[in-house]
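Letter by letter, the chains look like this.
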Amino acid sequence: VDTTVAIKDFLNQVKPNGFEAASAAPELPYELLRRGNGYEVRRYPPYASIKLPYLRRDEGFGSLGSFTRGMNPLSPAIMEVKNDDTANKYMKWPVSFALPGKEMTIPVEAKEKAGKGQFRTITIDRTPSNVVAVAELPDASMAPVVR
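Residues numbered from 1 in each chain as written. Predicted model: local features only at pLDDT ≥ 70, side-chain atom pairs only at ≥ 80, totals over all residues. Heavy atoms only, no water.

**Q** Can you tell me about the overall build of the protein, naming the residues and giving the values?
**A** Of the regular secondary structure elements, the protein holds 4 helices and 7 strands. When the helices and strands of the protein are placed in sequence order, the string is α-β-β-β-α-β-β-α-β-β-α. Counting every position in the protein, which comprises 147 residues, the buried fraction comes to 24%. Sequence-distant contacts in the protein: of pairs separated by 6 or more residues, those separated by 24 or more amount to 66%. Counting every atom, the protein has about 10,300 Å² of accessible surface; 54% of that belongs to carbon and sulfur. (Helix = DSSP H or I, 4+ residues; strand = E, 2+ residues; numbered from the N terminus. Buried < 20%, exposed > 50% of the residue type's maximum accessible area, 1.4 Å probe, protein only. Contact = heavy atoms within 4.5 Å. Areas by Shrake-Rupley, 256 points an atom, 1.4 Å probe, with all protein chains shown as cover.)

Next up, the structure:
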């Protein structure tokens, strides 16, 4: 990255900000390992999420929102989209994470509802600590763009 771009980016990080939109939900904590032009590399702690196969994102958000009513899910919504049109797509919402040296506690409500009745396709997924790259997509996040 050009030095002037890097310096401008650094100064934008430390200057006082004006209005900032409130987050939709508390965020799953992460350690920022690297930041570049249009991407970040993050390390997430072990976390538990509720996972749902979906066809349309709006339906996934609606189903997970209904499931987590009364709980405190974390952001971000995590989508698993394979590079295959026949594979299922999954949406996950984190519901808990493990602090260093501590056990992860999954909400009782999630354990009681997952896999039952109208929530029969929702499962509880445990993810170990992992490193991910997060990209900013300038276009709508449709299949041709994200693949």
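**Q** Tell me about the sheet that holds strand β6 (residues 123-127), and please be specific about residues and values.
**A** Strand order in this open sheet of 4 strands is β4-β5-β3-β6, and the pairing throughout is antiparallel. Edge positions in the sheet fall to β4 (78-80) and β6, since each of these pairs with one other strand and no more. Geometrically, the sheet is characterised by an average inter-axis angle of 35 degrees between neighbouring strands, direction not taken into account. Strand direction decides the pairing type here: β4 and strand β5 (residues 89-97), joined by 3 bridges, are antiparallel. Bridged to Glu80 within β5 is Tyr90. (Pairing = 2+ DSSP bridges. Axes fitted to C-alpha atoms, helices over the stretch in contact; angles between N-to-C directions.)

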